[in-house]
Amino acid sequence: MSVRALSHPISVFVCGFEELDEQEQALLLVAADAMTKAQAPYSHYLVGAAVLDGDGHITAGCNVERCTYTQTTHAEQAAVDAMVVHGKSRKIQAVAVVGGPDGTINGPIERFPKGEVVASFDEIPAPSCGHCLQIIWENCRGDNKVKLYSWADGWVYITTIGDALPMKFGPNDLL
Ligand SMILES: [Zn+2]
């Protein structure tokens, strides 16, 4: 029996909001604003997401919980679906997610005190769930370099869809 190892390094970059360019900051601020609209009476976990598409448009989404739970809409899903409605290219360029428990985070940048930078992947705040990573990947059109931003504790964590979801199921798997 021969055994082969397939490895994939995963990188997450951490920076301050002020280090981002204008377009990146705009994307995060749209996500932060969307988070304030979240409907989360059961989990009290608020999430806002913003998608930058290939036309340069930004669409927003927030989580919308229903008491049945299974019918809950995730913020990233809402933002991607809004992009499909409003955009022409339907190609995702970048996604920003801002989230956290209600009462601890409230949107505007001045309310994000900088804590300690996390030490492990498990501690990165407000990552997209597997359900949403799959939804995002569907509209990346095979582009592994699409950036994912998460902003929750004063720091911005940046990775790519290729790093966040290394073993992807995509349209080509249906062929
Ligand atoms: Zn999700």
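Structure shown above.
Quantities reported herein were computed from a predicted structural model and do not represent experimental measurements.

Peer 1: Sorry if this is basic, but what is going on with the side chain of Lys-91 here?
Peer 2: Mapping Lys-91 onto the fold places it in the loop between α2 (75-86) and β4 (92-101). Polar contacts involving the side chain of Lys-91 include one to the side chain of Asp-143, which spans 3.2 Å.

Peer 1: Just to check I follow, could you spell out the packing of α2 against helix α3 (residues 130-138) for this structure?
Peer 2: As a packed pair, α2 and α3 sit with axes 9 Å apart at the nearest point and diverge in direction by 15°. In terms of orientation, α2 and α3 fall into the roughly parallel class. For the pair α2 and α3, the crossing hand works out as left-handed. Contacts between α2 and α3 involve Glu-76, Gln-77 and Val-80 on the former and, on the latter, His-131, Cys-132, Ile-135 and Ile-136. Counted by class, the contact of α2 with α3 contains 4 nonpolar, 2 polar and 1 charged residues.

Peer 1: How should the nonpolar core be read in this particular structure?
Peer 2: Among soluble globular proteins, nonpolar side chains are generally buried collectively. Counting 22 residues, the largest nonpolar core has Leu-20, Leu-27, Leu-28, Val-98, Tyr-149, Trp-151 and Val-156 as the members making the most contacts within it. The set of elements that each furnish at least two residues to this core consists of α1 (22-35), β2 (45-53), β4, β5 (147-151) and β6 (155-160). Counting 19 residues, the second-largest nonpolar core is a separate cluster that includes Val-47, Ile-135, Cys-140 and Leu-148.

Peer 1: What am I meant to see in the environment of Gln-77 here?
Peer 2: Note that Gln-77 resides in helix α2. The spacing of Gln-77 and Val-51 is 26 residues in sequence and 9.9 Å in space, taken between C-alpha atoms. Other than its neighbours up to four places away in sequence, Gln-77 contacts His-131, Cys-132 and Ile-135.

Peer 1: Is there a simple way to think about the sheet that holds β2 in this case?
Peer 2: Across a sheet, strands are paired by hydrogen bonds formed along the backbone, either parallel or antiparallel in direction. Judged by pairing direction, the sheet is mixed, and its 6 strands sit side by side in the order β1-β6-β5-β4-β2-β3 without closing on themselves. At either end of the open sheet lies a strand with only one pairing partner, and these are β1 (13-16) and β3 (58-62). Neighbour to neighbour, the strand axes of the sheet diverge by 20° on average, direction disregarded. Examined bridge by bridge, β1 and β6 share 4 bridges and lie antiparallel to one another. Bridge pairing in β6 links Cys-15 to Val-156. Packing against the sheet, α2 makes contact with β2, β3 and β4, and its axis sits at approximately 145° to β3.

Calculation rules
- Residues numbered from 1 in each chain as written.
- Predicted model: local features only at pLDDT ≥ 70, side-chain atom pairs only at ≥ 80, totals over all residues.
- Heavy atoms only, no water.
- Helix = DSSP H or I, 4+ residues; strand = E, 2+ residues; numbered from the N terminus.
- Polar contact = N/O pair within 3.5 Å; in protein donor to acceptor, adjacent residues only side chain to side chain.
- Axes fitted to C-alpha atoms, helices over the stretch in contact; angles between N-to-C directions.
- Parallel < 35°, antiparallel > 145°, perpendicular 65-115°, else oblique.
- Left-handed = near helix turned anticlockwise from the far one by under 90°.
- Contact = heavy atoms within 4.5 Å.
- Nonpolar A, V, L, I, M, F, W, Y, C, P; charged D, E, K, R; others polar.
- Core = buried A, V, L, I, M, F, W, Y, C linked by side-chain atoms within 4.5 Å.
- Buried < 20%, exposed > 50% of the residue type's maximum accessible area, 1.4 Å probe, protein only.
- Pairing = 2+ DSSP bridges.

These figures come from the coordinates and say nothing about function on their own.
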